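Topology and contacts: notes
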Amino acid sequence: MSVLTPLDRPNSYIGRSVPRPNAKRLLAGRGRYVTDITLPRMLHVAYVRSPYAHARILSIDTQTAREMPGVRLIATGEDLAKLCTPWVGTMDHFKGMKSPPQLPLPVDKVVWSGQAVVAVVADTRALAEDAAEAVYIAFDELPAVVDIDAARAPDAPVISPELGSNLCFHGKIDTGGVEDVFAGAAHVVEEEFHFGRHTAVTMEPRAIIADYDASEGQLTVHHATQTPYQFQDIYARHYGLPESRVRVIAPDIGGSFGMKLHMYHEDMAVIGLSMMLGRPVKYVADRIESFVSDIHARDHRVRARMAADAEGNILAMDVEDVTGIGAFSAYPRTSVVEGNQVYRLMGAPYTFRNYRADLQVVFQNKVQMSQYRAVGHPVACTVTERLVDMIADKTAQDVFDIRSRNMIADDAYPCTSPTGYQFEALSHHACLARLKAMMGYERLRAEQAELRTKGIHRGIGIATFVEITNPGPAFYGVGGARISSQDGAIVKITPSGDVHCSISVTELGQGTETIIGQIVAEHLGVDSNRIKVMTGDTDTTPHGGATYACRGAGIGGETALQAAKKLKANVLAVAAAILQDEPEKLDIHSGWIVDAATAQQRMELSEIARIAYFRSDTLPPGTQAQLSVAHHYAPQGYPFAFTNGVQACHLELDVETGLVKILKLWVVEDCGRVINPLLVDEQIRGGVVQGLGAAFFEECVYGDNGQLTNGSLADYLVPMAVEMPDIEIGHVETPTLDTQLGAKGVGEAGTAAASAAALNAMNDAMKPFGGTVAQVPMTPARILKALGHI
Amino acid sequence: MNDLVHVTMTVNGTEVSHSIAPRITLADFLRQTLELTGTHAGCEMGVCGACLVILDGRVVHSCLTFAVQASGAAIETVEGLSERTAIADLQEAFHQRNALQCGFCTPGMLMTAHALLSQPGVPSREEIRDALSGNYCRCTGYEAIVDAIEKVARDRDAGVIAQASEEVSA
């Protein structure tokens, strides 16, 4: 018998680059997104939006609009408040957190420019927009609270007077002894960082169709969302419907990145509009609506300092983060999670023990800021990694050496961060060494020095990161949010011996269905092309947290693995009864029951299924063949599966124009067991590009009066192919021992550190000129300012 | 505004006639009237490229074209190119290379790739990236898309895959 690698075993799919079966449909233009769906008697809604960032609603005149062609209903905040109970975006475990109650449409006041005020439902979207223009709203404009420092000022206008101030949450972490460490440190570096607001810009905007059937009290919602179960709960509770009568279907989703798991006012209103009309009502945000009503991300002003001894050993960090979240906290996940992750992830890769941080989350008259891909990670990573580079400068050390000196040793696990995060096993040193080799670091440095003499200014920046994945019940559930920490799978064998698998983790294009198919195929012992995976329908798939915070492989995949094993045991029990053998002596390979010892084929799986379904009379008395299993899994052990990695950015700066050419990105990351290298690598690349967008291009720019001034794709810059570099990826694999599968998450890894690596590379390129930059996006104007040219 | 006008055009080889409002864009006409939902609307201002279709041999933004402007023209969408297997090699290369995630931008990407590869010669990676400068993708890092297009360009040049000799200009 020849020596086989793990991938040579029958049905060995884990670790293999398998293309996604469902991608063929999308490539043929046969995707079915919510934007594509048309239901019989469906109506369309357009919203009249506030032109002011902060104003009282004095009166609403809909008379003219009601008489316009095709108009079926015009609804105000008061109309919807009769059906829908208010919601409050707080969680109990953030002590002292506060946020005002919200309704689908406001009743007396608007709090950001672009807030939907009146809903106009008509036969077509165009007719609804025509009538929306004829709605007259009288506003009394109030002072807008825009800047985060102005919002905290003692005399600032309070956006929600009932809360007493514009402070949503104030958090502190202090291990003690920080002042003394700083006083006695050989080196102290300090910087003030600014992180602009940016937004997800999913290619498919938010889209929803609510279809309420009064005859059976059934609400069906076709919703472009990552988390259908969460919305089933929300729609049922706030509209007083039995949960079993609310069905949320998430078909193909045209991009999400965390943006499509928050509650949006227009979406909530659509439910009520359909209930009022008894007809399906569709809402699709246009691009301008997306810019003014999708969540924005980041928006932090961080002052931070780091202390080190004479050799460059990091001793302590002291951080003050102020983050602006808009006029209320998002629901149901709150807008504090971002700041919470920022101030808990600071310094995560390093060994120091003294840490002090202050987090202030403030309200302002802007659209809600909340979770977006790599929540908090880029902010914590950029601040930490820039300060580490500054220590390197102070102590005249190489950027790799300073990190090697300070990173937690690969054999020091398990251990805990000063902020309380428990690390099971990370691999910073292995990743750093791998990256250095991959990028040919010494050669790049030599080239950089040589080119500088010719007036060509290149920069090399590296950034080490820790990523939070696979959150357990201590993440949302502990705060009272009804967001499942477990996921489910129902795996069944059809009478032909095919396998049908319905799962609660959702497919967003990242390949969930594919990897679940790989896992089930391998552990059940069938060919992957005989497996069909279904996602995204609360009526036909088991309840679960679905896809957020990198849970797909680590939690969804583990669920599927355990389900497949359970089903396999059932199949072997039936097979043993038929074959009059011991179940332990049998196995399944490629859809055949085989002798476990010899792999000799005994009987086809399809024959078991045929007998079980059609000729159960031939089975021994008492045999009930269970060819469907339902299985749920919730993470236990560590509260999160932390992953880690390191990125490097190589860029060229034109010091005359401030324009930057990004030459190359390298990423080495450790997401534990890699199930499908093709999909993992593309997740990382996509994430890197979103991080580079934040670093160089993307910013939601507001005027002093709270108007978003660049709310279109002509004004808001998204990274394009021609501006993006090739991205080389390497892996280190440290499987988590908390699961049989060993997989952790990878979706945030690219975004987590790309902007930090880019910022360090920029400062490296600017070194000969003495300027520094500590703000993203690093626009040409900001770079020229840092260089002293403007 | 709501007086209907009659339009007749050939879409994916079939003549269609409809009475529509003059303000209907070609994108909405294809998507809503003809139910050809492969063409997508991402920005509705000619920036993102999700709505690209071929109009009389030229790749155009269907969101910036009124359906009445296309009356009398021959339109081809991703469905038409798929059905007559004109882009089968591109689709296969995209599939193998995972050059798509959510797939929303993909029909537009395929249009641009189809137009680019209908020109003589083998484009460099830089030229491919440049050609894609009217197509936004938010999921991939673009690299896989460039890889897939580059592979097809080389394969076609090497005669690995026979292609229809058709000219499409970007």
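As a reminder, the structure under discussion sits directly above these lines.
This write-up is about the structure you can find in this document. (Residues numbered from 1 in each chain as written. Chains lettered and ligands numbered in written order. Predicted model: local features only at pLDDT ≥ 70, side-chain atom pairs only at ≥ 80, totals over all residues. Heavy atoms only, no water.)

Time to look at the side chain of histidine 650 of chain A. Along the chain, the position of histidine 650 of chain A falls in strand β26 (residues 641-653). Classification of histidine 650 of chain A as buried rests on a relative accessible area of 5%. (Helix = DSSP H or I, 4+ residues; strand = E, 2+ residues; numbered from the N terminus. Buried < 20%, exposed > 50% of the residue type's maximum accessible area, 1.4 Å probe, protein only.)

On to the packing of aromatic side chains. All names here are of chain A. Overall, the coordinates contain 18 aromatic pairs over all chains when judged by the stated rule. Geometrically, the ring pair formed by tyrosine 47 and tyrosine 283 is edge-to-face, given 5.1 Å between the ring centres and 80° between the ring planes. Pair noted here: tyrosine 47 is in strand β1 (residues 43-49) and tyrosine 283 is in strand β12 (residues 281-284), with a separation of 236 residues, a long-range link. Exposure class is identical for tyrosine 47 and tyrosine 283. Each is buried. An aromatic cluster is defined as three or more aromatic residues linked by ring pairs; in this entry it consists of Tyr421, Phe423, Phe475, Tyr476, Tyr548, Phe640 and Phe642. (Phe/Tyr/Trp six-rings, centres within 6.5 Å; stacked < 30°, edge-to-face > 60°.)

Moving on, we come to the interface of chain B and chain A. Taken together, the contacts link 47 residues of chain B with 54 residues of chain A. Buried surface at the junction of chain B and chain A, summed over both partners, amounts to about 4,200 Å²; 56% is from carbon and sulfur atoms. Of all residues in chain B, His95, Tyr136 and Arg138 of chain B give up the largest surface area on contact with chain A, accounting jointly for 21% of the area buried on that side. A salt bridge links arginine 23 of chain B to aspartate 130 of chain A; the shortest N-O distance between them is 2.8 Å. For the pair chain B and chain A, the interface holds 27 residue pairs in polar contact (both at pLDDT 80 or more). Secondary-structure elements contributing two or more residues to the side of chain B that touches chain A are α2 (78-83), α3 (88-97), α4 (106-117), α5 (125-131) and α6 (143-157) of chain B. Grouping the constituent residues of the side of chain B that touches chain A by class yields 18 nonpolar, 18 polar and 11 charged. (Contact = heavy atoms within 4.5 Å. Buried area = accessible area lost by both parts, 1.4 Å probe. Salt bridge = Lys/Arg side-chain N within 4 Å of Asp/Glu carboxyl O. Polar contact = N/O pair within 3.5 Å; in protein donor to acceptor, adjacent residues only side chain to side chain. Nonpolar A, V, L, I, M, F, W, Y, C, P; charged D, E, K, R; others polar.)

It is worth spelling out the sheet that holds strand β2 (residues 55-61) of chain A at this point. What holds strands together in a sheet is hydrogen bonding between their backbones, with the strands either parallel or antiparallel. All names here are of chain A. Spatially, β4-β2-β6 is the arrangement adopted by the 3 strands of the open sheet, whose pairing is antiparallel. Strands with a single pairing partner mark the edges of an open sheet, and in this sheet they are β4 (109-110) and β6 (136-141). Bridge analysis of β2 against β6 gives 6 bridges, and the strand direction is antiparallel. Directly across from serine 59, in β6, lies its bridge partner alanine 138. (Pairing = 2+ DSSP bridges.)

To continue, consider the packing of helix α15 (residues 512-524) of chain A against helix α16 (residues 552-579) of chain A. All names here are of chain A. Closest axis-to-axis distance for the α15/α16 pair is 8 Å, and the angle between their directions is 30°. By the criterion of interaxial angle, the relationship of α15 to α16 is roughly parallel. The two elements α15 and α16 meet at a crossing, and its hand is right-handed. Along its contact with α15, which presents Ile515, Ile516, Ile519, Val520, His523 and Leu524, the element α16 presents Ala553, Gly556, Gly557, Ala560, Leu561, Ala564, Lys565, Leu567 and Lys568. Looking at the contact of α15 with α16 residue by residue, the classes come out as 10 nonpolar, 3 polar and 2 charged. (Axes fitted to C-alpha atoms, helices over the stretch in contact; angles between N-to-C directions. Parallel < 35°, antiparallel > 145°, perpendicular 65-115°, else oblique. Left-handed = near helix turned anticlockwise from the far one by under 90°.)

Okay, the nonpolar core next. If you look at the biggest cluster of nonpolar residues, it comprises 193 residues, and the most contacted ones within it are Phe423, Phe696 and Met778 of chain A together with Phe94 and Ile149 of chain B. Broken down by element, this core gets its largest block of residues, 11 residues, from helix α19 (residues 749-765) of chain A. With residues near it in sequence (within four places) discarded, phenylalanine 423 of chain A still touches Ala348, Ile408, Tyr413, Pro414, Cys415, Ser417, Val466, Tyr638 and Phe642 of chain A. Ranked by size, the runner-up nonpolar core spans 45 residues in total, among them Ala489, Val491, Val505 and Leu567 of chain A. (Core = buried A, V, L, I, M, F, W, Y, C linked by side-chain atoms within 4.5 Å.)

Bringing helix α12 (residues 399-406) of chain A into the picture now. Residue and element names in this part refer to chain A. Where α12 is concerned, the buried positions are Val399, Phe400, Ile402, Arg403 and Asn406. The arc that holds the buried residues of α12, viewed along the axis, is 165°, so those residues lie on one side. Its buried side turned inward, α12 meets β14 (314-324), α11 (377-394), α13 (428-439), α14 (441-452), β18 (457-469) and α19. For α12, the side-chain oxygen to backbone nitrogen distance between the N-cap and phenylalanine 400 is 2.8 Å, and the N-cap itself is aspartate 398. (Arc of directions from axis to C-beta.)

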